[in-house]
Amino acid sequence: MAKDDNLPLFETKSAKGRILFQIYSLLIFVGTCFIFAYRLSHIPAKGEPGRWAWMGLFFSELWFCFYWFVTTVVRWNPIYRNSFKDRLSHRYEKALPGIDIFVCTADPVIEPPVMVINTVLSVMAYDYPPEKLSVYLSDDGGSDLTFYAMLEASRFSKIWLPFCKKFEVEPRSPEAYFCTAVEPLGEPVLAKEWSTVKMIYEDMKKRIENTTKLGQISEEISKEHKGFNEWILVASRHDHQTILQILIDGRDFEAVDIQGQPLPTLVYFAREKRAQYHHHFKAGAMNALIRVSSTISNSPIILNVDCDMYSNNSKSVRDALCFFMDEEKGNEVGFVQFPQAFENLTKNDVYSSSLNVTMEMEMPGFDGNGGPCYIGTGCFHRREALSGKKYNKNYKEDWKRWSNRSVEESTRVLEETSKVLASCNYEENTQWGKEIGLKYDSAVEDVLTGLAIQCRGWRSIYFNPKRKGFLGVAPTTLLQSLIQHRRWSDGDFKIFASRHCPFVLGYKKIPLKLQLSYCIYPLWAPTSLTTLYYVIVPSLCFLRGISLFPQISNPWVLAFVFVIFLHRAYSLGECILFGGTFKGWWNDQRMWLYRRTTSYFFGLLDYILKRLGFTKSTFVITTKVADDDVSQRYEQEVMEFGTSSPMFTILATLALLNAFCFFGGLKRVIADLETMVWEQFSLQILLCGLLVFINLPIYQGLFFRKDVASLSTSISYQSTIFALLACAIALY
């Protein structure tokens, strides 16, 4: 036993096969040097056609090389963590700290109440002492429909929590569990209880869905709880007082489940909103939660999850505590980030939403370089680190001081005193949103907040267990995916172009390799320009008969072919290694192109317009539900267009432009077949042909599909005119 007391609560292992990756990187670097040597030694003379196109291509390739270098830094030394929960239980089972869990929602239409309470119930049912769990739902939609769903969930939890413990249920979201679990028919007693709990859940779900469809709370329901009286004073979701209701008070000896075991504290919370005050979106909601929870439970560890990101692993809390409570290294840990994973992905991930490579390779790479970034959900925080405290080497957490705290106020008094902390004017002339809590004035408040925590000296940890800690909902349409990445690229680039740039904020505070790692996402926006150049200019030059690459018989062509095929082969291998398919990899290449030419370009444009004062910051919530027809097409991996969007116009224009250039250029090559002119354009034919092939879904949406999800007639006309105009300008 004594020997076990000295063992660490977690271990760190370096990734295997890094020598092969380093050899691959060296080969790519050497090949790239040869490409640059060719570009510099074969610049067309003044007056020759294609001189400026050549120079532009050279600068684009320089930028691609720099971005490749940044991604290589991230991938150079990934590390993986393993926790020892048995050691944690042996040493600290009777002294485990309290956990405050924040669940954030903002719109009962886009984020249905049934989905929200499934997430709430899943975290209430953690394999952890329930009296030490406090679950807070922040409802930025201020909806009585969501409050009603929470009231139903508080009642159902009395049945659900003991059921989960008895059957060792995984996952502990009722919807996810009953959709995948098989009824234990071999054991009649258990089968009866299983069926009873499922029936109770289905009845509750039906009541909530019927009330949601009705759009208002009936008079009968409003009498069930005093909290409904709060909505008498609510003018709208953007104009209302603070609403705070403690639905289950964990201090109350009568707050027990059907087996007499204590229940976690459960709180519904909607902060005050007034038109004259900026509410700072999710960051503002999180900061209000930090303050409110400090008076109710004040747990030293905070977990935050999005309302669609239910707990898929009941041991996640214990996993996270292995890092915080490790005697040797735990005191320096500011937050523990779990991967973002999704339950509704198609077999071949049609919209490349899985983030597999990001979560399986890039985040461990961040960890190896100094610590992962905070990604906004599935993250366990040390309250003090999130509240602005700086780390010092003499810091040592005293977990007992948190557990000895007691709150004497009654539930009603606690509700009223906590409301003050969520008023609109509470943060005026304070450091909230600046040095305390989540950072404001950013569309990616999570990344900026995580960077600030690391710059205050705290270490972050990335933990990716075999059974994912959380599962969410990925976008089910192309437009949703593009808009989501547009917001991310805008916010990330804003960080890079401000005083919060990793090289400025992180100077002498975090390692240089971590500063470089943080650039991988902020540089999405400017990379759109070089990608657009590479997609447009070589194709137009091919149409006009201007060669921009060495001919097939020239030895210099080997450098281009080598780098292209080696780089793409590595990409394919990486995708397959992390559970993808060949078709999934191809879909990833397509979405890589679509995002770079639309989402990231518009993200850059949004940033510029905001800097010039033409637009203001907005926060677009990703839709978590889809119509049956949309869901069916998504499951069949049929690309969803349907609505009109400037991003679709750009995609269609680029697709048609490359098609016109490809077939127009081929016509020229075939006409001069005897002179072997095709040798000059072999790489341009390959590039243009690949762009045509990758855009097949666009052509189908423009000309061959007749369903409601095809591209609109107006986009077809606009894109055709723009593409033809570009070709005409290039030719004449």
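Residues numbered from 1 in each chain as written. Predicted model: local features only at pLDDT ≥ 70, side-chain atom pairs only at ≥ 80, totals over all residues. Heavy atoms only, no water.

## Structural notes on the packing of helix α24 (residues 646-671) against helix α25 (residues 682-694)
- Closest axis-to-axis distance for the α24/α25 pair is 9 Å, and the angle between their directions is 140 degrees. Regarding the angle of α24 to α25, the classification is oblique. With respect to the hand of their crossing, α24 and α25 are arranged in left-handed fashion. Where α24 approaches α25, its residues N658, A659, C661, F662, L666 and V669 are matched on the opposing element by I685, C688, G689, L691 and V692. (Axes fitted to C-alpha atoms, helices over the stretch in contact; angles between N-to-C directions. Helix = DSSP H or I, 4+ residues; strand = E, 2+ residues; numbered from the N terminus. Parallel < 35°, antiparallel > 145°, perpendicular 65-115°, else oblique. Left-handed = near helix turned anticlockwise from the far one by under 90°. Contact = heavy atoms within 4.5 Å.)

## Re the packing of aromatic side chains
- Evaluation of the coordinates by the stated rule reveals 54 aromatic pairs.
- Aromatic pair F147 and Y268: ring centres 5.2 Å apart, planes at 75 degrees, arrangement edge-to-face. Here the residue F147 occupies a position in helix α6 (residues 144-167), and Y268 occupies one in strand β6 (residues 265-270), the gap between them amounting to 121 residues. For the pair shown, F147 and Y268 are each scored as buried.
- Centroid distance Y177 to F178: 5.3 Å. Interplanar angle 65 degrees. Geometry classified as edge-to-face. (Phe/Tyr/Trp six-rings, centres within 6.5 Å; stacked < 30°, edge-to-face > 60°. Buried < 20%, exposed > 50% of the residue type's maximum accessible area, 1.4 Å probe, protein only.)

## A short note on the environment of Q680
- For Q680, the position within the fold is in the loop between α24 and α25.
- What makes Q680 partly exposed here is its relative accessible area of 33%.
- C-alpha of Q680 to C-alpha of M363: the two residues are 317 residues apart in sequence and 42 Å apart in space.
- The contacts of Q680, once residues within four sequence positions are left out, are S547, F549 and Q551.

## Side note on the nonpolar core
- Membership of the largest hydrophobic core comes to 105 residues, with the highest contact counts inside it found for W160 and F380.
- If you tally residues by element for this core, the top one is α6, at 13 residues.
- Dropping the residues within four chain positions of it, F380 is found in contact with I301, I302, L303, S316, V317, A320, F324, G334, F335, V336, F338 and F470.
- Listed in part, the 42 residues of the second largest apolar core include L479, L532, L657 and A730. (Core = buried A, V, L, I, M, F, W, Y, C linked by side-chain atoms within 4.5 Å.)

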